[in-house]
Amino acid sequence: MQRILVLEDDYALAMGIEYALQAEGYEVLHASTLQKAREMLGKADREPPSLLLLDICLPDGMGMELCREVRQAGSSVPIIFLTALSEEVNIVQGLEMGADDYVAKPFRLKELLSRIRANIRRYEMSGDKNSTQAKACICFGAYRFLPDEYRLFQGEEQIECTMSELRLLKELVKNAGNVLSRDQLLLGLFDTETTFVEDNTLSVYMKRLRTKLGEEADRIETVRGIGYRFRL
């Protein structure tokens, strides 16, 4: 059974989310503070969650702190932030720290469940790291990208990237030379045609990806008024 950690201090909202997730067949761990969430994640006898659903503002800190700690520990588990519409700065900070997605409050449970399913599905599809089957490898400059494994290397060193960054790179690389609109890229990232994805989300992902590519960042060309093109 897939397990989801919900970090939310609003008890009524947390119980509503928990009920909806359990109805979909998920096991739910609920924490109302950062400390409690850390304790749950640190239990050695417990299987790690399939996804983290984090509120931003908590009684003992910010959900972004836990996101940063999880990423620094080397985990690529999907992370979705729950955030108020007025917290745009926090949304950007959360995405830059390695979150995969966010859902703005107030939200529809159907919307939230759709995001959760999509993020878990992509995470599980990228999880077969031990296959001996030959994988496609795309090289540019000093970088090697294995799109089927969602892994990026600079020389022999693997570059730490979030799944969102790697999905974006895969969309760009598989359409190298072609201009992709922002809508096309967002559709490739989220697997579904939705109206609730902020356009700013793609800008944050693109900025993070360019940072990871260093001197090769200019291979991602901005086509003003249309979108982006990747140059091999």
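Details of the structure are given in the entry above.
Thresholds, definitions, all that
Residues numbered from 1 in each chain as written. Predicted model: local features only at pLDDT ≥ 70, side-chain atom pairs only at ≥ 80, totals over all residues. Heavy atoms only, no water. Pairing = 2+ DSSP bridges. Helix = DSSP H or I, 4+ residues; strand = E, 2+ residues; numbered from the N terminus. Axes fitted to C-alpha atoms, helices over the stretch in contact; angles between N-to-C directions. Contact = heavy atoms within 4.5 Å. Parallel < 35°, antiparallel > 145°, perpendicular 65-115°, else oblique. Left-handed = near helix turned anticlockwise from the far one by under 90°. Nonpolar A, V, L, I, M, F, W, Y, C, P; charged D, E, K, R; others polar.

### Remarks on the sheet that holds strand E14 (residues 227-230)
So, point 1. Reading across from one edge, E12-E14-E13 is the order of the three strands in this open sheet, with antiparallel pairing throughout. Because the sheet does not close on itself, it has two edges, and the strands there are strand E12 (179-181) and strand E13 (220-223). Going from strand to strand, the sheet's axes swing by 30° on average, the running direction of each strand aside.
So, point 2. Note that E13 and E14 share four bridges and pair antiparallel. When the sheet's bridge partners are listed, Thr222 is paired in E14 with Tyr228.
So, point 3. Contacts from helix H6 (residues 163-174) reach E12, E13 and E14 within the one sheet, and its direction differs from that of E14 by about 70°.
So, point 4. Contacting E12 and E14, helix H7 (residues 182-190) crosses the sheet at an angle of about 75° to E12.

### What to know about the packing of helix H2 (residues 34-42) against helix H3 (residues 63-72)
So, point 1. Direction vectors running N to C along H2 and H3 enclose 25°, while the axes themselves pass 10 Å from each other. Judged on the interaxial angle alone, H3 and H2 are roughly parallel. For the element pair H2 and H3, the recorded crossing hand is right-handed. Contact residues: Leu34, Ala37, Arg38 and Leu41 in H2; Gly63, Glu65, Leu66, Glu69 and Val70 in H3.
So, point 2. The class makeup of the residues in the contact of H2 with H3 is five nonpolar, one polar and three charged.

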